[in-house]
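# Report on the structure
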Amino acid sequence: MFLQAKAMLVDAYRELNHKKLFWIVLILSGIIVAAFGIVGINDKGLTVLHWEFPGIFTTKWIPEPVFYKLLFTNLGIKWWLAWIASILALVSTAGLFPDFLASGSIELTLSRPIGRLRLFLYKYACGLLFVALQVSVFALASFLVIGLRGKTWEPGILLAIPITVAIFSFLYCVCVLLGVLTRSTIASLLLTMLFWFLVFGVHTTEKSLLFFKERNALQQESTLTRIQADEARAKRRLAENNPKDGVDPTTGLTEVERDRLESRRKRLVELQSTAKPLSRFHTGFYALKTVLPKTTETAELLERALLSKEDREQLRNFSPGANRPDPESGDNDAPFTQSELGERVENETLSRSVGWVLGSSLGFECFVLGIAAWIFARRDF
Amino acid sequence: MPDPRELVTDPRDLAISLRAVSKTYRSGRKPVHALRGIDLRVPKGSIFGLLGPNGAGKSTLVKILMTVIRPTTCQGEMLGHRVGHKPTLARVGYLPEHHRFPEYLTAEQILDHFGAMSLVPRADRKKRIGPLLELVGLSNWSKAKVKGFSKGMRQRLGIANALINEPELVLLDEPTDGVDPVGRRDIRNVLYELKRQGKTVFLNSHLLSELEMLCDTVAILVQGRVSSQGTIDDLTRNSRRYEIEVGPPAGAAPDSPPTSPGAFSQQIAAAIRPLALLTSRDAAPPTSRPNDDAASGPTSGPTTGAMILAATGQSNSGTELAHDRHIALVVDGTTIRVATDDSGVVQPLIDALRQANLTVKAVRPVRETLEDLFMKAIVDPATGETLRPGADMEGRKA
């Protein structure tokens, strides 16, 4: 049993080794790690080798260790590994199953003393080997660079290995199912990419709806605060029994204030009526997202692990325009800032447990793999 | 057709024993019956040939044995275990038709990889790879990638691959496909060597002449059914005959006017007619049956026990001279066909011809070839037409 697993792993390594793309991705990973090594930050600005680029990004705003962690999570993981390297990995591995299942090839393996299910799982694991090797090299090199340059030895960086492999596996299982169904590399690759964009679309829509929902909630809170302030002011004036010029003695408000209060009350009703469909749509997309793999959230798990609450707060406040009132916050009596809105959205996102993010994604993967394995085990070749 | 169960009685002497193997799959909405109740027995230590036209189900049957295809129904054993028993496959070698090795591997790596997949320990693989490549004539190519191999070289490598686990049973699907004559001879020698080592070889091939040379037993598969099965001797026994080629009287002047073919046939018939009864009486117990069409004689007639010695006139195949229920004699031009494999029957005929001053130019023992058997098997007895290639599709007239 171990003999066969080892043979398949060695074969997978030889196959990957044979593919030029494997080495291209590895070289590109090396270039990105090298970029981490040459880019730095000091109290004046950013540095590249010995050149300085003065600007707002300084160690006053972002401590050096946080800068490197950010660089690693945002550039290294979110962009490079979770997107570009994953696409390249998919391109490299999409052909593994169709080639394996090709007539004349599959007979050579199926006729060996190995069960079909085990064969399928070994082959699947071999596909993940591609990303596992790539990301291991990348994470280890990044760990060293960040340790040496940022003076912070962060073992959490190595979490990138299982996280990135998990992200890739969510897509790869779809690619394998399509490969088993169509036996075509091109078809399985293109349809997997399409599925990925669908997942991304659902994620973006859910995130946007969440943003609008939270903004609506903040707007309601803000408007309600203003209404309550207006009403309190009117009450106070009435209680003082000392009406000023232009103030209506029955309402305690001037004409302008009364109109504004009315307009705010109308707005509150409008906001409340908008909140319902917004919430309904968001719930729908959230439910859809729950059954789909969550690639972006999974990538963000690394950020969760690497950045502390303080780091986040600092970064949020640092972002340009963070303290500016949100343009949709209404008049300036009780505005809310973009930072506040960002915090609300972030808190909601962070409240989603690791179990939900990974568990439901892995559930999806198991379901898709189960179908693919069932087809593989029952098919005549 | 001999009952396959009668060929070998002890199941322990069988490498493969199949009963009622069927496979039906769907092509669109129509069910296609690729195999329709195959009964097959392959004796241990023999070379067995499975032949049949395209689409007869040969590869399907082999793939069922190798678990590549799931049968619709299947009873039977391979090397003492039920068909589909995965661990048994460690004792079986297989060369699929049109196999495709990973192009990025070298010949050595391929044998190493598939050896490991067949649970051959590393040390044994290392020991076997060199001699196997030597055996198939690829020792100079052991480090070369398969990408650059010709079809014949790939086939040789496929045979080595089928032997990496030192199997007790080797199933080879079209092993000489794309191989040059030298390669074919080499492969034949490998197969003889396997047989000498006591291994069982199951061959799937279109090349009838090769199967005839190699196989101890054969089965002919036509449209998913075994149409005949047995040793080549058994299958051709009924067709065995002697052919006597007769020339003009000895000492005839070269410039004498040529006798017409019909008249010469009559002359031959006249020469042997008096001996027909004697031949019958003196012959060893005949083995031929009257419906033997190898002699092209009448297949029915009086069954009185005495040979009827009478010319019945010109038939399509020649002048029928005599027949009884056991032995048919047919004069066809200058050739007498005697439907027997007993040389004793032929001697008085030779004497009679000589006494009639005719020249016996040649006496040949003749039997049907595998190709004759094959061609006979694929002809629809009802219509006399060759059966269409391909599996039987429901609703289609076979």
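Conventions adopted
- Residues numbered from 1 in each chain as written.
- Chains lettered and ligands numbered in written order.
- Predicted model: local features only at pLDDT ≥ 70, side-chain atom pairs only at ≥ 80, totals over all residues.
- Heavy atoms only, no water.
- Helix = DSSP H or I, 4+ residues; strand = E, 2+ residues; numbered from the N terminus.
- Buried < 20%, exposed > 50% of the residue type's maximum accessible area, 1.4 Å probe, protein only.
- Contact = heavy atoms within 4.5 Å.
- Areas by Shrake-Rupley, 256 points an atom, 1.4 Å probe, with all protein chains shown as cover.
- Axes fitted to C-alpha atoms, helices over the stretch in contact; angles between N-to-C directions.
- Parallel < 35°, antiparallel > 145°, perpendicular 65-115°, else oblique.
- Left-handed = near helix turned anticlockwise from the far one by under 90°.
- Nonpolar A, V, L, I, M, F, W, Y, C, P; charged D, E, K, R; others polar.
- Buried area = accessible area lost by both parts, 1.4 Å probe.
- Salt bridge = Lys/Arg side-chain N within 4 Å of Asp/Glu carboxyl O.
- Pairing = 2+ DSSP bridges.
- pLDDT = per-residue confidence, 0-100.
- Core = buried A, V, L, I, M, F, W, Y, C linked by side-chain atoms within 4.5 Å.

For chain B, the helix and strand inventory stands at twelve helices and 18 strands. When burial is assessed residue by residue, chain B has 51% of its 398 residues classed as buried. Counting only contacts in chain B whose residues sit at least 6 apart along the sequence, the fraction spanning at least 24 positions is 69%. Total accessible area on chain B is roughly 18,000 Å²; 51% of this is exposed by carbon and sulfur atoms.

Another aspect to go through is the packing of helix α1 (residues 2–18) of chain A against helix α6 (residues 116–150) of chain A. Residue and element names in this part refer to chain A. Where α1 meets α6, the axes come as close as 9 Å, and the angle between the chain directions of the two elements is 40°. Taken together, the axes of α1 and α6 are oblique relative to one another. Handedness of the α1/α6 crossing: right-handed. Here α1 contributes Q4, A5, M8, L9, D11, A12, Y13, E15 and L16 to the contact with α6, which in turn contributes R118, L119, Y122, K123, C126, L129, F130 and L133. Here the residues of the contact of α1 with α6 sort into twelve nonpolar, one polar and four charged.

In this complex, chain B contributes 30 residues to the contact, which on the side of chain A involves 30 residues. Between chain B and chain A lies a buried interface of about 2,800 Å² when both sides are counted; carbon and sulfur atoms form 57% of it. Along the contact surface separating chain B from chain A lie two salt bridges. A salt bridge links K63 of chain B to E107 of chain A, with the nearest nitrogen and oxygen atoms 3.3 Å apart. Here the side of chain B that touches chain A takes five residues from helix α3 (residues 107–117) of chain B, the largest share from any one element. When its residues are assigned to classes, the side of chain B that touches chain A shows 17 nonpolar, seven polar and six charged.

Phi angles above zero are rare outside glycine, and L49 of chain A is one such case at about 50°. Mapped onto the elements, L49 of chain A comes out in the loop between β2 (45–48) and β3 (51–54). By relative accessible area, which is 52% here, L49 of chain A ends up exposed. A positive phi is found at H98 of chain B, a non-glycine position, where the angle reads about 50°.

Okay, the sheet that holds β3 of chain A next. Residue and element names in this part refer to chain A. Reading across the sheet, the three strands line up as β1-β2-β3 and stay open at both edges, with antiparallel pairing between neighbours. Looking at the sheet topology across the chains shown, the edges are occupied by β1 (39–41) and β3. Adjacent strand axes in the sheet meet at a mean angle of 25°, parallel and antiparallel pairs treated alike. With three bridges joining them, β1 and β2 adopt antiparallel strand pairing. By the bridge assignment, I41 is partnered in β2 with L46. Each of β1 and β2 touches helix α3 (residues 64–93); the most contacted strand, β1, lies at about 145° to it.

Moving on to the confidence of the model for chain A. Mean pLDDT over chain A stands at 86; residues scoring 70 or higher make up 94%. Within chain A, the element-level pLDDT minimum falls on helix α11 (residues 309–318) of chain A, averaging 70, and the maximum on helix α13 (residues 354–378) of chain A, averaging 95.

To continue, consider the pairing of β3 of chain A. Successive side chains on a regular strand alternate, one facing one side of the sheet and the next facing the other. Residue and element names in this part refer to chain A. Pairing between β2 and β3: four bridges, direction antiparallel. Bridge pairing in β3 places T47 opposite E52. Between β2 and β3, which pair antiparallel one after the other, the connecting turn spans two residues, and L49 there sits at a positive phi close to 50°.

Quick look at the sheet that holds strand β10 (residues 225–231) of chain B now. Residue and element names in this part refer to chain B. Within the open sheet, the six strands sit side by side as β6-β7-β8-β3-β9-β10. Their pairing is mixed. Two strands lie at the open edges of the sheet, namely β6 (92–95) and β10, each paired on one side alone. When strand polarity is set aside, the average angle formed by the axes of neighbouring strands in this sheet is 15°. Set on the sheet, helix α5 (residues 151–163) makes contact with β6 and β7 (169–173); between it and β6 the angle comes to about 165°. Of the strands in this sheet, β3 (47–51), β7 and β8 (200–204) touch helix α6 (residues 181–196), which is tilted by about 145° from β8.

Grouped together as the largest cluster of nonpolar side chains are 116 residues, with contacts concentrated most on F72 of chain A together with F202 of chain B. Ranked by size, the runner-up nonpolar core spans 49 residues in total, among them L133, L138, I220 and I378 of chain B.

Residue and element names in this part refer to chain B. A large share of strand β11 (residues 241–247) lies buried, amounting to six of its seven residues. Judged from the seven bridges that link them, β11 and strand β17 (residues 359–366) form a sheet pairing that is antiparallel. Across the sheet, residue E243 finds its bridge partner in β17, namely R364. Bridge count for β11 against strand β16 (residues 335–338) is four bridges, and the pairing is antiparallel. Pairing of E243 across the sheet is with R337, part of β16.

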